[in-house]
Amino acid sequence: MYIDPNHLRILAAIVDSGGLSEGAAALNKSQPSLSRTVAMLESRLGSRLFEKGIRPLRPTELCLSLAEQGRVIGQASEAARIAAELYSGGKAG
């Protein structure tokens, strides 16, 4: 099953920030768009990503695993951005 890397980064932001609103602010996105993403992922996976009815949000084991992959993707993306800036700015290569 294909999972969009951006969705994994969204899960990481939600988990790391402690909630949907905080994750949305960290990503400069709206809270409803993150809620839709989480709902869509849960539907595709056939499993909950956050414990139902618990505040603050408590991620499931699956969510924590996917969020870790989202962090890896985010770190790789940032490293690629820095490399591209160095090469395009003439500071490397």
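Above this text sits the structure in question.
As the structure is a computational prediction, the values presented were derived from the model and not from experiment.

### Brief notes about the nonpolar core
Turning to step 1, where the next piece is worked out: By size, the foremost hydrophobic cluster in this structure holds 15 residues, and its most contacted members are L11, I14, V38, L49, F50 and C63.
Turning to step 2, where the next piece is worked out: Elements with a minimum of two residues in this core: α1 (5–17), α3 (31–45) and α4 (61–88).
Turning to step 3, where the next piece is worked out: Sorting elements by how many residues they give to this core places α1 first, with 6 residues.
Turning to step 4, where the next piece is worked out: Leave out the neighbours within four places in its chain, and L11 touches V38, L41, L49, F50, C63, L66 and A67.

### Thoughts on the packing of helix α2 (residues 20–27) against α3
Turning to step 1, where the next piece is worked out: Look at α2 against α3: their axes get within 8 Å of each other, and the N-to-C directions meet at 110°. Considered as vectors, α2 and α3 are oriented roughly perpendicular to each other. Classified by chirality, the crossing of α3 by α2 is right-handed. Taking contact as the criterion, the partners of L20, S21, G23, A24 and L27 in α2 are, on α3, Q31, L34, S35 and V38.
Turning to step 2, where the next piece is worked out: When its residues are assigned to classes, the contact of α2 with α3 shows 5 nonpolar, 4 polar and no charged.

### Some details on the packing of α1 against α2
Angle between the axes and distance between the axes: these two values describe a pair of packed helices.
Turning to step 1, where the next piece is worked out: Between α1 and α2, the shortest axis-to-axis distance is 7 Å and the interhelical angle comes to 120°. Put simply, α1 runs oblique to α2. In this structure, the crossing between α1 and α2 has a hand that is right-handed. Along the contact surface, α1 presents I10, A13, I14 and S17, while α2 presents L20, E22, G23, A26 and L27.

### A look at α3
Turning to step 1, where the next piece is worked out: The first and last C-alpha atoms of α3 sit 21 Å apart over 15 residues, in line with the 21 Å expected at 1.5 Å per residue.
Turning to step 2, where the next piece is worked out: When we look at burial in α3, the residues that qualify are L34, T37, V38, L41 and E42. Seen from one end, α3 has its buried residues packed into an arc of 130°, which puts them on one side. Seen from the open side of α3, the exposed residues pointing more than 90 degrees away from its buried face are R36 and S43.
Turning to step 3, where the next piece is worked out: Elements that come into contact with the buried residues of α3 comprise α1 and α2.
Turning to step 4, where the next piece is worked out: G46 sits one or two positions beyond α3 and adopts a positive phi of about 70°.

### Structural notes on the pattern of salt bridges
Turning to step 1, where the next piece is worked out: Evaluated as defined, the whole model comprises 4 salt bridges.
Turning to step 2, where the next piece is worked out: Linking D16 and R71 is a salt bridge whose minimum nitrogen-to-oxygen distance equals 2.7 Å. Of the two residues, D16 is situated in helix α1 and R71 in helix α4; the sequence distance between them amounts to 55 residues.
Turning to step 3, where the next piece is worked out: Of the charged contacts, one joins R81 and E78 as a salt bridge, the two residues approaching to 2.4 Å between their closest N and O atoms. Of this pair, R81 and E78 both sit in helix α4, 3 residues apart, roughly one helical turn.
Turning to step 4, where the next piece is worked out: When its relative accessible area of 38% is taken as the criterion, R81 is described as partly exposed.
Turning to step 5, where the next piece is worked out: Taking relative accessible area as the criterion, E78 reaches 35% and is therefore assigned partly exposed.
Turning to step 6, where the next piece is worked out: Taken together, the shared-partner salt bridges connect D16, E68 and R71 into one network.

Thresholds applied
Residues numbered from 1 in each chain as written. Predicted model: local features only at pLDDT ≥ 70, side-chain atom pairs only at ≥ 80, totals over all residues. Heavy atoms only, no water. Core = buried A, V, L, I, M, F, W, Y, C linked by side-chain atoms within 4.5 Å. Buried < 20%, exposed > 50% of the residue type's maximum accessible area, 1.4 Å probe, protein only. Helix = DSSP H or I, 4+ residues; strand = E, 2+ residues; numbered from the N terminus. Contact = heavy atoms within 4.5 Å. Axes fitted to C-alpha atoms, helices over the stretch in contact; angles between N-to-C directions. Parallel < 35°, antiparallel > 145°, perpendicular 65-115°, else oblique. Left-handed = near helix turned anticlockwise from the far one by under 90°. Nonpolar A, V, L, I, M, F, W, Y, C, P; charged D, E, K, R; others polar. Expected span 1.5 Å × (residues − 1). Arc of directions from axis to C-beta. Salt bridge = Lys/Arg side-chain N within 4 Å of Asp/Glu carboxyl O.

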